[in-house]
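Each chain is listed here by its residues.
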2 protein chains.
Amino acid sequence: MKKLINSPETIIAESLDGFAAAHADIVVLGPERKFLRRRELNPDKVALISGGGSGHEPLHAGFIGYGMLDAACPGQVFTSPTPDQIVEAAQAVAGKAGVLFIVKNYAGDCMNFEMAAEFAERRAATVITNDDVAVESSTHSAGRRGVAGTLVVEKIVGAAAERGVDLEGCAALGERVNARTRSMGVALSSCTVPAAGTPTFTLGEDEMEMGVGIHGEPGRRRVKLTSANAIAEEMTTAIVRDLSDHLGANGAADMLLLVNGFGGTPTIELYLVYNAARLALEKRGLRVARSLVGSLVTSLEMAGCSITVTLLDPEMIALWDHPVRTAALRW
Amino acid sequence: MKKLINSPETIIAESLDGFAAAHADIVVLGPERKFLRRRELNPDKVALISGGGSGHEPLHAGFIGYGMLDAACPGQVFTSPTPDQIVEAAQAVAGKAGVLFIVKNYAGDCMNFEMAAEFAERRAATVITNDDVAVESSTHSAGRRGVAGTLVVEKIVGAAAERGVDLEGCAALGERVNARTRSMGVALSSCTVPAAGTPTFTLGEDEMEMGVGIHGEPGRRRVKLTSANAIAEEMTTAIVRDLSDHLGANGAADMLLLVNGFGGTPTIELYLVYNAARLALEKRGLRVARSLVGSLVTSLEMAGCSITVTLLDPEMIALWDHPVRTAALRW
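All residue numbers refer to positions counted from 1 along the written sequence of the respective chain. A letter from A marks each chain and a number from 1 marks each ligand, given out in the order of writing. In view of the model being predicted, local features appear only for residues whose pLDDT reaches at least 70, and side-chain atom pairs are presented and counted only at 80 or more, with totals across whole chains, interfaces and linings using the full set of residues. Processing note: side-chain calculations cover all non-hydrogen atoms of the structure and skip hydrogens and water entirely.

Visitor: Hey, could you go over the overall build of chain A for me, with residue numbers and the actual values?
Guide: Per the secondary structure count, chain A includes eight helices and 14 strands. Radius of gyration here uses only the C-alpha atoms, and the compact-globule reference equals 2.2 Å multiplied by the residue count raised to the power 0.38. Relative to the compact-globule value of 20 Å for 331 residues, chain A shows a C-alpha radius of gyration of 19 Å, a close match. Expressed as lengths along the three principal axes of its C-alpha atoms, the size of chain A is roughly 50 × 50 × 35 Å. Burial classes: relative accessible area under 20% of the type maximum marks a residue as buried, over 50% as exposed, and values in between as partly exposed (1.4 Å probe, protein chains only). Here chain A holds 331 residues, and 63% of them are scored as buried. In this analysis, two residues are considered to be in contact whenever any of their non-hydrogen atoms come within 4.5 Å of each other. A separation threshold of at least 6 residues defines the contact pool for chain A, and within that pool the share at least 24 residues apart is 74%. Accessible surface computed for chain A: about 11200 Å², of which carbon and sulfur atoms make up 52%. Once the 31 positive and 39 negative side-chain charges of chain A are each reduced to a mean point, those two points are 4 Å apart. Each helix is a run of DSSP H or I of at least 4 residues and each strand a run of E of at least 2, with the numbering of both proceeding from the N terminus. Per-residue and other accessible areas follow the Shrake-Rupley method at a 1.4 Å probe size, with only the shown protein chains counted as cover for residues. Charge counting follows a simple rule: Lys and Arg are positive, Asp and Glu are negative, and His as well as the terminal groups are ignored. A single reference atom marks each charge: NZ on Lys, CZ on Arg, CG on Asp, CD on Glu.

Listed below in structure tokens is the structure:
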């Protein structure tokens, strides 16, 4: 295992300390490093809290700030945060407007956020994201996994909360964005969980894992590495087929195209895949109205990427364009 | 070689097409993909042009936009852009205020930018960056190499140009920022140049290359991988020693701390190294006044990072804080 660390036991603490120091204008690290929250809170708006296992950075702490999250709870690597972390985050940031939890659909996350919602003594609602079309259930989840589409939910609902939308409205919007969002990933290499010390899985020199999850968990099948065009074609085909109920009679639609790196894939390849995915979608009469390219929902140093498509309506476009000031997204 | 590409011959073209489409609100791709330029030009300001071999993304194209570069010329992977690319970029973006070329100190880049400056028929000046303290000369350069500190020069001079500073003033400022900037890198793995198909160098399972360059060229020595704290200590010691002429009598100073990923290193490790570097600098009485963490000057998928320190004065801080709107940096 080759990593820039001091010891597997202290990775999360040291990385959180660095993150909080580097972005001290935006975030504050809570007591015992149980959560990160915005430095400037607005007690009149719905508070948005997310969290999950570490190893997916900048998700979620990198999305704390104006226009997006109010707090995030980091678990150990690929391990859910505990209910007390989430309860304390809610108590620190939620006012009378209540708190919306945004939770990726993994068994541990769902259980711990549900328990926290009971004990938080705050008006609470929960949106569970499950945008991954690769598999219907997985080693980590009952039902589809929540992956990179989660950031789209966080961005759009974050803007609505900033504009004064109430808890029910934010929850309904989150459900709507999730319902119109689909993702699929591919891995060219495994990641190595620091505490394990060995790769989560092994791929041959000419193999890829199509439909991989963001913890390196299995996807649809292991096949020979093929061209970026063929990969983008397969992933966008699966995504668009799954979105067909939401497409208009003529099939035309505006959409957000997000190409997300898993941590070990260089920027030059991400833009190349973006180009291939965009051409594949436009061939079907779909229009890319908004774009995002970057390593934003990662799986440690795994090589590979995911493609996410969200079907947009004018309200969602306006909320996507709303200003955001976080460590990882700013406009 | 495992990459998300279609063929080694078309990587740059397809990646540039994707970049230009994803950021069409900010940039325009020039004829025959010879350069990228800002969509909205300001003919009254000094034009800033940079460029160099591809494979370091988002440098330089990701830094085109308000407050930073006006154009960038991408060469093939790790290969200088040709003089005609640079001449055409200058003709497209430079007005009466002239053009400042910001060039990393590599033999090919220096030669081709110099030739272009002669033929561009524009008032021109050049700043050559050479911030890498690792080696005094290298396989790619006479004198020190220009690495991640280049983006600090581009950011600070970009703000000055936006504020109406003239060509001589921008050139002098660029020299001053470069003189107060030092960097050093470490690699945990090699990158693979697509046209070569095999890794540029090989490291043992427990080795690192201390002082590596951004093309995978050799650094100071190959040693056993050690802790992030020890790595940060060695790199900051080399940097601070080299900056000693610029430190005040009491050694105190405000500085910018940039921790830069080389492409294959996850965000969680970059913040951990940032934390270690910050503590190492503060122990010496230095103050981190501004911070930047991210994979911004990369070497394809190489694992590793660099640390850059710039000694700031109040003018430089104000220019660093000036708004910037590019694909890769925004505030």
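Visitor: Before we move on, can you summarise the relation of the copies chain B and chain A with the specific residues and values?
Guide: Each copy superposes on the other: chain B lies on chain A with an RMSD of 0.0 Å after a rotation of 180° and an axial shift of 0.0 Å. Such a combination of turn and shift is consistent with a two-fold rotation axis. Using C-alpha coordinates, one finds that chain B approaches the rotation axis most closely at B:Gly264, a distance of 2.1 Å. Comparing interface residues between copies, 100% of those in chain B also lie at the interface in chain A; the contact surface is shared. The least-squares superposition of copies is restricted to C-alpha atoms, and to residues with a pLDDT of at least 70 in both copies.

Visitor: Can you lay out the interface of chain B and chain A for me, pointing to particular residues and giving the numbers?
Guide: Between chain B and chain A, the residue contacts involve 54 residues of the former and 54 residues of the latter. Buried area between chain B and chain A, summed over both chains or domains, comes out near 4300 Å², and the portion from carbon and sulfur atoms is 62%. Take a side-chain nitrogen of Lys or Arg and a carboxyl oxygen of Asp or Glu: if they are within 4 Å of each other, that pair is a salt bridge. Across the contact surface, chain B and chain A share zero salt bridges. Residues adjacent in sequence count toward polar contacts only when both atoms are side-chain atoms; beyond that, a polar contact is any pair of N or O atoms within 3.5 Å, and within protein one must be able to donate a hydrogen and the other to accept it. Our count for the chain B to chain A interface comes out at 18 residue pairs in polar contact (both at pLDDT 80 or more). Of the residues assigned to the side of chain B that touches chain A, the class counts are 25 nonpolar, 17 polar and 12 charged. Put simply, buried area is the surface a 1.4 Å probe can reach on two separate parts but cannot reach once they are joined, added for both. Residue type decides the class: Asp, Glu, Lys and Arg count as charged, Ala, Val, Leu, Ile, Met, Phe, Trp, Tyr, Cys and Pro as nonpolar, and the leftover types, Gly among them, as polar.

Visitor: Requested: an account of unusual backbone geometry, with residues and values cited.
Guide: A cis amide bond, omega 10°, links A:Glu57 with the succeeding residue A:Pro58. Structurally, A:Pro58 is set in the loop between strand E3 (47-54) and strand E4 (65-66).

Visitor: Kindly report on the pairing of strand E8 (residues 181-187) of chain B, identifying the contributing residues and their values.
Guide: Residues and elements named next belong to chain B. For E8, a buried count of seven out of seven residues is recorded, marking the element as mostly surrounded by other parts of the structure. Both faces of E8 are covered, namely the face carrying Thr-181, Ser-183, Gly-185 and Ala-187 and the face carrying Arg-182, Met-184 and Val-186. A pair of strands is labelled paired if DSSP reports no fewer than 2 bridges between them. Direction of pairing for E8 relative to strand E13 (residues 304-311): antiparallel, over a ladder of seven bridges. Bridge assignment links Val-186 to a residue of E13, and that residue is Cys-305. Here two bridges tie E8 to strand E9 (residues 207-210), and the two strands are oriented antiparallel to one another. Counted as the bridge partner of Val-186 is Met-210 from E9.

Visitor: Tell me about the sheet that holds strand E5 (residues 71-77) of chain A, and name the residues and values.
Guide: Residue and element names in this part refer to chain A. Taking strand neighbours across the sheet as the criterion, the six strands line up as E1-E2-E5-E3-E6-E7 in an open arrangement whose pairing is mixed. Of all strands in the sheet, those with a lone pairing partner are strand E1 (27-29) and strand E7 (124-129), marking the two edges. When strand polarity is set aside, the average angle formed by the axes of neighbouring strands in this sheet is 20°. As judged from the three bridges shared by E1 and strand E2 (residues 36-38), these two strands associate in the antiparallel manner. Across the sheet, the residue bridging to Leu-29 is Leu-36, located in E2. Taken strand by strand, helix H2 (residues 83-93) contacts E2, E3, E5 and strand E6 (99-104), and its axis lies near 160° from that of E5. Fitting a line to C-alpha atoms yields each axis, with helices limited to the stretch in contact; the angle taken between N-to-C directions then spans 0 to 180 degrees.

Visitor: Give a detailed account of helix H3 (residues 107-119) of chain A, specifying residues and quantitative values.
Guide: Because an α-helix completes one turn every 3.6 residues, residues spaced three or four positions apart along the sequence face the same direction. Residues and elements named next belong to chain A. For H3, which comprises 13 residues, the first-to-last C-alpha distance of 19 Å matches the rise-based estimate of 18 Å (1.5 Å per residue) to within 8%. Considered for burial, the residues of H3 that qualify are Asp-109, Cys-110, Asn-112, Phe-113 and Ala-116. At its buried positions, H3 is contacted by E3, H2, E6 and E7. Trailing H3 by a residue or two, Glu-121 shows a phi angle of about 55°, which is positive. To estimate the expected span of a helix, count its residues, drop one, and scale the result by 1.5 Å.

Visitor: An account of the sheet that holds strand E8 (residues 181-187) of chain A is needed here, citing residue identities and associated values.
Guide: Residues and elements named next belong to chain A. Strand order in the open sheet formed by six strands is E10-E9-E8-E13-E11-E12, and the pairing between neighbours is mixed. Pairing within the sheet leaves two strands with one partner each, and these edge strands are strand E10 (221-224) and strand E12 (286-294). Direction aside, the axes of adjacent strands within the sheet are offset by 20° on average. Where strand E11 (residues 253-261) meets strand E13 (residues 304-311), seven bridges bridge the pair, whose relative direction is antiparallel. By the bridge assignment for E13, Leu-258 is matched with Thr-308.

Visitor: Describe in detail the packing of aromatic side chains, supporting the description with residues and values.
Guide: Only Phe, Tyr and Trp rings take part, Trp by its six-membered ring, and two of them pair if their centres are within 6.5 Å. Stacked means planes under 30 degrees apart, edge-to-face means over 60, and tilted covers everything else. Applying the stated criterion across every chain yields a total of six aromatic pairs over all chains. On the basis of an interplanar angle of 70° and a centroid distance of 5.0 Å, the ring pair of A:Phe19 and B:Tyr271 is categorised as edge-to-face. Of this pair, A:Phe19 sits in helix H1 (residues 11-22) while B:Tyr271 sits in helix H7 (residues 267-283), each in a different chain. Here A:Phe19 falls in the buried class, since its relative accessible area comes to 6%. The class of B:Tyr271 is buried, set by a relative accessible area of 7%. For the pair A:Phe101 and A:Phe113, a centre-to-centre distance of 5.7 Å together with 65° between the ring planes defines the contact as edge-to-face.

Visitor: Outline helix H7 (residues 267-283) of chain A, supporting the account with residue identities and numerical values.
Guide: Residues and elements named next belong to chain A. Taking 1.5 Å as the rise per residue, H7 with 17 residues should run 24 Å; its terminal C-alpha atoms sit 24 Å apart, in good agreement. For H7, a buried count of 13 out of 17 residues is recorded, marking the element as mostly surrounded by other parts of the structure. Backbone geometry just after H7 places Gly-285 at a positive phi near 85°.

Visitor: Can you lay out the domain arrangement of chain A for me, pointing to particular residues and giving the numbers?
Guide: Residue and element names in this part refer to chain A. For chain A, the assigned domains read domain 1 (11-180 + 322-326) and domain 2 (181-314). Domain boundaries shown here were taken from an automatic or database domain assignment. Placing the centre of domain 1 and that of domain 2 at their C-alpha centroids yields a distance of 23 Å. Contact with domain 1, which involves 31 residues of that partner, is made by 38 residues of domain 2. The junction of domain 1 with domain 2 conceals about 2800 Å² of combined surface from both sides, 61% of it contributed by carbon and sulfur atoms. Contact with domain 2 buries surface across domain 1, with Phe-78, Val-133 and Arg-180 losing the most and accounting together for 26% of the total. One can count three salt bridges joining domain 1 with domain 2.

Visitor: Quick rundown of the side chain of B:Ser183? Include the residues and the values.
Guide: Residues and elements named next belong to chain B. As for its placement among the helices and strands, Ser-183 is situated in strand E8. Separated by 2.6 Å, the side chains of Ser-183 and Asp-131 make a polar contact. Beyond its immediate stretch of four places on either side in the chain, Ser-183 contacts Asp-131, Asp-132, Val-133, Ala-134, Val-147, Ala-148, Gly-149, Ile-239, Ile-307 and Thr-308.

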